[in-house]
Amino acid sequence: YANPGVLITPDVLDRTTGQTWEMILDENPWLKDQKLVAKPDQLIKRRGKAGLIAINKTFDEAKAWVSERMCKEQKVESVTG
């Protein structure tokens, strides 16, 4: 892949940590030009059924999707974590 992906960490929630959405975009300008996939960096079965995959999103849509779910409990089948 020409653009293998970008790991977004919870650091984006705190501007004092050094990682910001703007910095990620500056370092990876292709994020504005391509449709994106967003998903948790976890091995979770049935992510799609649990609503834990966003497909074909713009950068702003993916950013909003990640921000809504980051550092919040998610339920997958009978497990919450």
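Fair warning: this is a prediction, and the values are worked out from it, not measured in the lab.

Asks: An account of the packing of aromatic side chains is requested, with residue identities and associated values reported.
Replies: Throughout the structure, instances matching the rule amount to one aromatic pair. With a centroid separation of 6.1 Å and 75 degrees between ring planes, the pair formed by Trp21 and Phe59 is classed as edge-to-face. Here Trp21, found in helix H1 (residues 21–27), pairs with Phe59, found in helix H2 (residues 59–69); they are 38 residues apart in sequence, far enough to count as distant. Note on accessibility: Trp21 and Phe59 belong to one class, buried.

Asks: A description of the nonpolar core should follow, citing residues and the corresponding values.
Replies: Ranked by size, the top nonpolar core spans 14 residues in total, and within it Leu31, Leu36, Phe59 and Val66 carry the most contacts. Here this core takes four residues from H2, the largest share from any one element. Those residues in contact with Leu36, other than ones at most four positions away along the chain, are Trp30, Leu31, Ala54, Ile55, Asn56, Lys57, Thr58, Phe59 and Ala62.

Asks: So what about the side chain of Asn28? Which residues, and what values?
Replies: Within the fold, Asn28 resides in the loop between H1 and strand E1 (36–38). For Asn28, a relative accessible area of 16% corresponds to the buried category. Within polar-contact distance, the side chain of Asn28 engages the backbone oxygen of Ile24 at 3.0 Å.

Asks: Can you tell me about H2, naming the residues and giving the values?
Replies: Because each turn of an α-helix spans 3.6 residues, side chains separated by three or four positions end up pointing in the same direction. Along H2, the residues that are buried comprise Phe59, Ala62, Trp65 and Val66. Axial view of H2: buried residues confined to an arc of 130 degrees, hence all on one face. Looking at the buried residues of H2, the elements they touch are H1, E1 and strand E2 (54–57).

What counts, and at which threshold
- Residues numbered from 1 in each chain as written.
- Predicted model: local features only at pLDDT ≥ 70, side-chain atom pairs only at ≥ 80, totals over all residues.
- Heavy atoms only, no water.
- Phe/Tyr/Trp six-rings, centres within 6.5 Å; stacked < 30°, edge-to-face > 60°.
- Helix = DSSP H or I, 4+ residues; strand = E, 2+ residues; numbered from the N terminus.
- Buried < 20%, exposed > 50% of the residue type's maximum accessible area, 1.4 Å probe, protein only.
- Core = buried A, V, L, I, M, F, W, Y, C linked by side-chain atoms within 4.5 Å.
- Contact = heavy atoms within 4.5 Å.
- Polar contact = N/O pair within 3.5 Å; in protein donor to acceptor, adjacent residues only side chain to side chain.
- Arc of directions from axis to C-beta.

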